[in-house]
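Examination of the molecular architecture
Next come the chains, spelled out residue by residue.
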Amino acid sequence: MKMASSFTVEEKEFFMREALREAGLAQEKGEVPIGAVVIHKGEIIGRGHNLRETTQNAITHAEMLAIQEACDVIGSWRLEDCQMFVTLEPCIMCSGALILSRVDEVYYGAADLKGGGVESLYHLLTDQRLNHRAYVEKGVLEEECRLLLKNFFRALRQKKKGKKGEE
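The structure reproduced in this document is the subject of the present report. (Residues numbered from 1 in each chain as written. Predicted model: local features only at pLDDT ≥ 70, side-chain atom pairs only at ≥ 80, totals over all residues. Heavy atoms only, no water.)

When helices and strands are counted, the chain shows 5 helices and 5 strands. Counting helices and strands in the order they occur from the N terminus, the chain gives α-β-β-α-α-β-α-β-β-α. Relative to a compact globule of 167 residues, whose C-alpha radius of gyration would be 15 Å, the chain shows 16 Å and is just as compact. For the C-alpha atoms alone, the extent of the chain along its principal axes is close to 55 × 30 × 30 Å. Expressed as a percentage of its 167 residues, the buried residues of the chain come to 46%. Here the analysis covers contacts within the chain between residues at least 6 apart in sequence; of these, 59% occur between residues at least 24 apart. A total accessible area of about 9200 Å² is found for the chain, and carbon and sulfur atoms account for 52% of it. (Helix = DSSP H or I, 4+ residues; strand = E, 2+ residues; numbered from the N terminus. Rg over C-alpha atoms; globule rule 2.2 N^0.38 Å. Buried < 20%, exposed > 50% of the residue type's maximum accessible area, 1.4 Å probe, protein only. Contact = heavy atoms within 4.5 Å. Areas by Shrake-Rupley, 256 points an atom, 1.4 Å probe, with all protein chains shown as cover.)

See below:
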């Protein structure tokens, strides 16, 4: 497991902004705005944003889609020497996929206190019992990532409240 980041602060912010761009695409589709990108040798090789509502498929999380695209680009299920940037702390499923695909570093923006598999509820990516561990860094553009989600859910609640008032 790496003990330090491969990126400068500017590079981390650049890649997280790309993940935020993906989150915006999800939001445009009425999806929870979460986005992810996979980096290899300084280049984005995988992108993804939540598509659960669109696909009605529980596994179409941003991270899973970005991993799938990156595997297609590399031509292997092993994403060694790759990094992921994601706007929200990965869940247990996505943390498992990051381990299984051998991603070296994971950077996330906002913590997921109710479902986080990286640090909030579980520590899957750094669990010494597993055969692969990743360097983890939280809080990259945290406020922007957090506000995007907060504003999305606020608008959703207001929309639901408005519909109840019409009945």
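And the narrative resumes.
The 5 strands are arranged 2-1-3-4-5 in an open sheet whose pairing can be described as mixed. Edge strands, defined here as strands with exactly one partner in the open sheet, are strand 2 (43-49) and strand 5 (135-138). Strand after strand, the sheet turns through a mean of 15 degrees between neighbouring axes, direction not considered. Looking at chain direction, strand 1 (residues 35-40) and strand 3 (residues 82-88) are connected through 5 bridges and run antiparallel. In the sheet register, Ala-36 faces strand 3, and the bridge partner there is Val-86. (Pairing = 2+ DSSP bridges. Axes fitted to C-alpha atoms, helices over the stretch in contact; angles between N-to-C directions.)

Let us look at the state of the cysteines. On inspection of all chains with the given rule, the structure shows 0 disulfides. No disulfide involves Cys-82; its sulfur sits 8.4 Å from that of Cys-71, the nearest cysteine. By relative accessible area, Cys-82 is classed as buried at 0%. In this structure Cys-94 is a free cysteine whose sulfur lies 3.8 Å from that of Cys-91, the closest cysteine sulfur available. (Disulfide = S-S within 2.5 Å.)

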